[in-house]
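Structure assessment
Residues per chain are reported as follows:
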Amino acid sequence: MSKPIRLASLLLISTALVAPAAAMAQSDPAAETPAADPTVDASDTASGAAPTEEEVDVSIPGGEIVVTGRRNANIERTAPQVVSVLGAADIARTGEGNIAGALGRVTGLSVVGNGFVYVRGLGDRYSLALLNGSPLPSPEPLKRVVPLDIFPSSIIASSLVQKSYSANFPGEFGGGVINLTTKAVPRDAFLQVGGSIGGNSETTGQLGYTYYGTGSDWTGFGDGGRSLPSAYRAWRDSGLRINDVSVNQQAIAGQFVTARNAIVQRNDNMPVNWGANITGGKSWTLGDTEVGLIATAGYTSRWRTRDVTQQTANALDLSSLNTDINRVITDNRIVVNGLIGLSAEFGENKVRWTNLYIRDTIKQARLGAEERPLTADASPGVSFMYQDTAWFARQLFNTQFVGEFQPFDQLDVDVRAGYANSQREAPFELSFLYSRSNSPTDPYGQFFTNTLNTGQRPGSATIAFSDLNENLYSAGIDFTYEISPTVKAVYGYAYSDTSRVTERRDFLFQGNNNIPMAISILRPDLLLSQTVICFPPLNPPVNPNCPANPSPTGISLVDSTGSNPTFRAILRNHAAYFQLQADLFDGLNLNLGARYETALQRVTAVQVYDITPILPPATKLDRSYLLPAATLTYEIDPRMQVRLSASKTIARPQFRELVFQTYYDPDSNRNFQGNPQLVDSQLYNAEGRVEWYFAPEQRVSIGGFWKKIKNPIETYTSFDGNSVTARFANAPEAILYGAEFEVQKHFDLSGWGDGFFATRRAVLIGNYTWSKSELKVGPDDPVQAFPFTGAKFASQFFRDGAPLTGQSDHLVNVEFGLEDTEKLSQQTLLISYASDRVTRRGPSGQPDIFERPGVQVDFVARQGVPLFGKELELKFEARNIFGNKYKEMQQNGDNVIYYNLYRTGTTFSLGGSLKF
C-alpha cells in the first residue's frame, strides 16, 4: 500500500504562496490579480508534591464534596461510591492544556477523537458530562455529549469521575459520570498572567495549506465575511425548491465562490502555536457576608498539518483498492474562553453564580491527490485532485446558579438552576474535484479540468451550509435530612429541557456538455464566478443582473440535501429520587437509592418548503424508568475497605443518530446517516473493589466490573458509490466485563544525599484496565436498520461475539516523576497505551474498521523561578516523544487498508505564569 507523502510537489488547483509569517497576515486574494492555578489556598506550594493542605471542591447534585486536608484528602476513600478525583495539583502534574487530556490519565478512561471520553471502553454515548452538577449541551452535530477538549484546564478546579451509579445523578449513566467543577472564589486577592509558545515536528516550519477567509479569522470570530449571500438568503426564506422555475439559480450560484474562500494558499513555513491567559479574583467582607469575584480569560492558536492516506477496498479480502487518496489537511484551531464567577457566604449558607463562555473554531484547508492506474476499474489512467476549504465554529455559553442552605442543623437544602446554549456553524464548506486524463492524444491531457459533473471527464464542485443551535434549561433541588448521626436521607427532584434545531443544505454545481475545455481548467473562483455562470466570456456582453435564463454553460444548482434539510429535536426529562446513606454498624456503610425518571425524546423533520415533502419517520421515545442503585462498603481495617455495588441505568440515542440526513465529518473522512427507529439502551451493572490506603496520598486498589446492555446502539457501515456511510442500529445485546488495578506510591529520596535529592521524592502513579466486550447476536434476532427496511435480522449487520465499538481490551497509564517537597520543581514522564478498538463495522461483509492508538510517551517539567519577589512558574512539555502514528485501518491477513494513516508528530511547548 502507498505511504503518506507530503504533497510538496503538487501544483495546487489554485495556489497563492504565503510568506513564512503567521498565517493571520495572509494576503487577500481578492485584492490581487486573479493569477494562477491560583484559587488553591496559599499554603499550597503549587508543585503538587508536598503533603500540604489543599481544599478540593467538588459540586455534585445532592450536595457538595468539600474536603480540606492532605492533597486529594482521600476523597476516593471517603466517598460512598467508586470515584476518582483530579484536583488542581493532579491536573497541573499532567501539564495538559484541556481537561480531556488530563482525564485520559484516570483509571479506565480513554480519550477518543476530538475530546470525547470513553469510560471502561464504553463509547461517549455511555458517558455523562456535568458542569458544577448541571447538564451541558453539545455543539457537535453527531453528539449530545459535549467534547471535553473545549474546556481549558485553566478554568477547572477539579474533576470527579464516578463509575458506580447513585440515584442523585441522571439515569443516562452507562460507563460513568464526569463532573467538572469550575474555579471558586479565592480567599486572598490575586492576579495571574500566563502564556505559552510551541510547535509540532510535522507542522511548525513545514509545508501546510490555508486560505484567506475573512482576514480576521485569527480572532476566532471573523468579520462577517461568511454571512449568507443575499440571493441565497432570499431563496432560503422563500419556501421554494431550488429547481422551481421561478428561482434564479444562476444568481444564487454566482455569489457562492470567491477568491477569499476558494483559493488554497501554500505556506512553506507554518507558524508556531501560542496562547495567553489571565486570571484574577478577590473577596470582600460585607457585614456577616463574604462576597467574592473570580474572572479568567484565555486565547490559544494552534496549527496542525496531517499527511493522510485515506483508502477504501473493493474486495471482501481487502486485496484491491477502490480509492487511494493522499491528502494534506491543515487546521488552525482558535479557542477563546472566559469565566466570571460570583459567590456569597453568610452563616452556613453559600450561593454561587457562574458564567462560562467558550468559542472553538477550526479553519481547515485540504488538498488531495489520487492516481488511478490503467488496471483500475474506473477512470483508467486518470489523475485526480481534491480541494476543500471549511470553517467550523463551535460555541458554548453556560450560566448557572447554585445555592446551599441550612435552615436548621439536621436539614441541608441545595438548589441549582442553569441555562446553556451551544451553537455550531459551518458555512461555505467547499469541495472541488479536478481530473487529468494524462493521454498524449488529448490536447488538454496534461491539464487538470473540472467539467462540473457533465460526463466529459470526472469533475465536480459542491458547497454546504450547516447550522446547529441547542438550548438547555435545567433545575434541581435536594433535601438532605440527618435522621440520626449515622443515617442520612436525600430527597431530590431534577428537571432538564433540551431543544435542538439543526439544518444542513448541500448543493452540487451542475454544468452541461457545452462547457469549453478552456473554461474547465480555470481555478474554482473563476470557474464558478458570476461572469462564467451568467454569461461566459465567449458570449459577451456581461450583464451584472444575471438573468434567470440558463447560460450556455448550463451551470446550475442541484439540491443534494433531499427534501428535509432541517430537523428539530427535544429531550424533556423529569426525575425524582431518594437516597439513604447509613452506617449499619461500625465499619459497614450502605448507600441505597432509586431514581424514577420519565423522559420524552422527539426528533422530527421541519417543513421548510411550500410543497409538502415526503417526511422520514419521526422519532418519539416516551419512556419511564425506575433505576435502583446500591453500594455496600465494608472497612476491613482503618486503611483497607471493600466495595460492592449494583445498579440499573440507561443510555438514550443521541439526536444526530436519530436524524435521517447525511452528514460528512471531515476529521474522520466519513459520512454519517441517522436511524429514526433507534430505541433506548438499558444497562445492568455490578462491581466489586478492594482499596488499600497504606499511607497518606498512597494507595492500591483492584476491582472487577460487569455490565449487560440491552439494545446497545452500534455503528455499521455501507457503501454509497465510492463513499462509505456510517449508520446506526440497535444490536440485540452486549456484555462488558473487566478488571482495574491502580497504584500510587511515593519514594523518599532525602537519604540519597544533602544536595539535589535532599528535599525530593519520587512519585509513581499507574493504572491498568483490562476489559472484554461481546455482542450477543442470534440468527433470528430482529433489527430496525432504517433505511434498509427489507433487512429483518440483526445478523445481517452485526457479528455474534464482536467487540463493542470504541472498546479497547487494554488501557495503561503510568506517571513517574520527581518532585521537590518544599518548592515548585517537578519532572514527570507520562506513558499511555491503548490496544486496538473498533471504530465502525466493515461495509458489505468486509472486516471491521479499527483504530490502533499504541503507545504515547510525554514529558512535563514545572519549575518555580524567583522573579521580582514573586515566583514565576515555567512549564516545558514534550508530547508524543517517539512520534506514534495515527492508524485507522482494516486488516485481513497481510492485506491492510488504511482509512486514516498519518504522522501526528512530536509537540513541544514552553510556557510561564506569574502570580501577583
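Helices and strands together make up the secondary structure of the protein, namely ten helices and 43 strands. Taking all 916 residues of the protein together, 58% fall into the buried category.

On to the confidence of the model for the protein. Any segment with low pLDDT has predicted coordinates that should not be analysed in fine detail. Per-residue pLDDT for the protein averages 84, and the proportion of residues at 70 or more is 85%. When mean pLDDT is compared element by element in the protein, strand S12 (residues 208-210) scores highest at 97, while strand S1 (residues 15-18) scores lowest at 38. The low-confidence segment residues 1-27, where pLDDT is below 50, has 85 contacts with residues more than four positions distant or belonging to other chains. This stretch, residues 536-544, has a pLDDT under 50; its non-local contacts, to residues over four places away or in other chains, come to twelve contacts.

Let us now look at the environment of Pro-135. Mapping Pro-135 onto the fold places it in strand S8 (residues 134-135). With 35 residues separating them in the primary sequence, Pro-135 and Pro-170 have C-alpha atoms 9.0 Å apart. In contact with Pro-135, not counting residues within four places along its chain, are Ala-129, Leu-130, Asn-398, Leu-472, Ser-474 and Ser-496.

Ile-252, Phe-256, Phe-509 and Leu-528 are the most contacted members of the largest nonpolar core, which totals 40 residues. Put simply, the parts of the chain that give this core at least two residues each are helix H4 (230-238), helix H5 (249-253), strand S17 (349-372), strand S18 (382-408), strand S19 (411-436), strand S20 (460-484), strand S21 (487-510) and helix H9 (530-534). The greatest single-element share of this core, amounting to four residues, is contributed by S19. With residues up to four places along the chain from it excluded, the contact list for Leu-528 reads Ala-253, Val-257, Phe-432, Leu-452, Ala-461, Phe-509, Ile-533 and Ile-555. In this structure, Leu-103, Val-117, Phe-151 and Ile-178 belong to the second largest nonpolar core, which totals 24 residues.

Reading across the sheet, the five strands line up as S4-S9-S10-S7-S8 and stay open at both edges, with mixed pairing between neighbours. Of all the strands in the sheet, the pair left with one neighbour each is strand S4 (83-86) and S8.

A separate point is the environment of Thr-305. Along the polypeptide, Thr-305 turns up in strand S15 (residues 289-313). By relative accessible area, which is 2% here, Thr-305 ends up buried. Placed 98 residues apart in sequence, Thr-305 and Leu-207 show a C-alpha to C-alpha distance of 8.2 Å. Within the structure, the side chain of Thr-305 is placed 3.1 Å from the side chain of Thr-330, a separation counted as a polar contact.

Here we come to the packing of aromatic side chains. Evaluation of the coordinates by the stated rule reveals 24 aromatic pairs. When the ring of Trp-692 is compared with that of Phe-694, the centres are 5.1 Å apart and the planes differ by 55 degrees; the resulting orientation is tilted. Relative accessible area serves as the criterion here: at 18%, Phe-694 is assigned to the buried category. On the basis of an interplanar angle of 20 degrees and a centroid distance of 5.0 Å, the ring pair of Tyr-886 and Tyr-902 is categorised as stacked. Here Tyr-886 is found in strand S41 (residues 885-892), whereas its partner Tyr-902 is found in strand S42 (residues 895-903), with 16 residues between them in sequence.

With that settled, the discussion passes to H4. Regarding H4, the residues found buried are Ala-231, Tyr-232 and Trp-235. Each buried residue of H4 lies within a common arc of 95 degrees when the element is viewed along its axis, so the set occupies one face. Structural note: H4 exposes Ala-234 and Asp-237 on the side pointing more than 90 degrees away from its buried face. Buried residues along H4 sit against H5, S20, S21 and strand S22 (556-559). One or two residues past the end of H4 sits Gly-239, with phi positive at roughly 80 degrees.

Right, let's talk about the pattern of salt bridges for a bit. Applying the stated rule across the entire model yields 40 salt bridges. A salt bridge links Asp-525 to Arg-523; its shortest N-O distance comes to 2.5 Å. The pair Asp-525 / Arg-523 is uniform in exposure class, with both members buried.

On to the environment of Asn-513, then. Relative to the helices and strands, Asn-513 resides in the loop between S21 and helix H7 (517-520). The exposure class assigned to Asn-513 is exposed, which follows from its relative accessible area of 54%. It is 9.4 Å that separates the C-alpha atoms of Asn-513 and Leu-452, two residues lying 61 residues apart in sequence.

This paragraph deals with a nonpolar patch on the surface. Taken together, the side chains of Trp-284, Leu-286, Leu-293, Ile-340, Leu-342, Trp-353 and Phe-401 present a nonpolar region at the surface, about 640 Å² in accessible area. For the nonpolar patch, the secondary-structure elements that each account for two or more residues are strand S14 (273-286) and strand S16 (321-346). Tracing the chain through its elements places Trp-284 in strand S14. When its relative accessible area of 36% is taken as the criterion, Trp-284 is described as partly exposed.

In terms of residue burial, S18 counts as a mostly covered element, since 21 of its 27 residues are buried. With 21 bridges joining them, S18 and S19 adopt antiparallel strand pairing. By the bridge assignment for S19, Phe-405 is matched with Val-413. A loop of two residues connects S18 with S19, the two strands running antiparallel in sequence.

Let us look at the side chain of Glu-687. Along the chain, Glu-687 turns up in strand S29 (residues 681-695). Residue contacts for Glu-687: discarding those within four places in its chain leaves Val-82, Arg-120, Lys-163, Ser-164, Arg-643, Leu-644, Ser-645, Gly-704 and Phe-705.

Moving on, we come to the pairing of strand S23 (residues 566-585). Direction of pairing for S21 relative to S23: antiparallel, over a ladder of 17 bridges. When the bridges of S23 are listed, Arg-500 appears paired with Ala-569. Where S23 meets strand S24 (residues 588-605), 18 bridges bridge the pair, whose relative direction is antiparallel. Bridge pairing in S24 places Ala-576 opposite Tyr-596. What sits between the antiparallel neighbours S23 and S24 is a turn of two residues, in which Gly-587 has the positive phi angle 95 degrees.

Turning to unusual backbone geometry, a few remarks are in order. Residue Phe-786 is joined to Pro-787 through a cis peptide bond whose omega torsion reads 15 degrees. Note that Pro-787 resides in the loop between strand S34 (760-776) and strand S35 (810-820). In the Ramachandran plot, Leu-452 falls in the positive-phi region, its phi being about 55 degrees despite a non-glycine side chain. Following the sequence through the fold, Leu-452 ends up in the loop between S19 and S20. Exposure remark for Leu-452: the relative accessible area of 0% places this residue in the buried category. For Asn-711, which is not glycine, the phi dihedral falls at a positive 60 degrees. You can see Asn-711 is positioned in the loop between strand S30 (698-710) and strand S31 (713-720). Asn-711 sits in the partly exposed class, given a relative accessible area of 21%.

What counts, and at which threshold
Every chain's residues receive numbers from 1 upward, in the order its sequence appears when written. The predicted nature of this model means local features are confined to residues of pLDDT at least 70 and side-chain atom pairs, given and counted, to a pLDDT of 80 or more, with totals for whole chains, interfaces and linings taken over all residues. Heavy atoms from the whole structure form the basis of all side-chain values; hydrogens and water molecules are not counted. Secondary structure elements are defined from DSSP: runs of H or I of at least 4 residues count as helices, runs of E of at least 2 residues count as strands, and each element is numbered from the N terminus. In this scheme, a residue with accessible area under 20% of its type's maximum is buried, one over 50% is exposed, and one in between is partly exposed, where area comes from a 1.4 Å probe on protein chains only. Per-residue confidence from the predictor is reported as pLDDT, a score between 0 and 100. Contact between two residues is taken to exist if any of their heavy atoms lie within 4.5 Å; hydrogens are not considered. For our purposes a nonpolar core is just a set of buried Ala, Val, Leu, Ile, Met, Phe, Trp, Tyr and Cys residues, chained together by side-chain atoms within 4.5 Å. When DSSP finds at least two bridges between two strands, those strands are taken to pair. Side-chain atoms alone can form a polar contact between residues adjacent in sequence; in general such a contact is a pair of N or O atoms within 3.5 Å, and within protein one must be able to donate a hydrogen while the other accepts it. Here a pair means two rings of Phe, Tyr or Trp (six-membered ring of Trp) with centres within 6.5 Å. Their orientation is stacked below 30 degrees between planes, edge-to-face above 60, and tilted elsewhere. By definition, the arc is the one covered by directions from the helix axis to the C-beta atoms. Every case where a carboxyl oxygen of Asp or Glu lies within 4 Å of a side-chain nitrogen of Lys or Arg is listed as a salt bridge. Each patch is assembled from residues with relative accessible area greater than 30% and no salt bridge, linking like charges that lie within 9 Å and nonpolar side chains (Val, Leu, Ile, Met, Phe, Trp, Tyr) that lie within 5 Å. Values of accessible area rely on a 1.4 Å probe in the Shrake-Rupley scheme; residue burial ignores everything except the protein chains shown.

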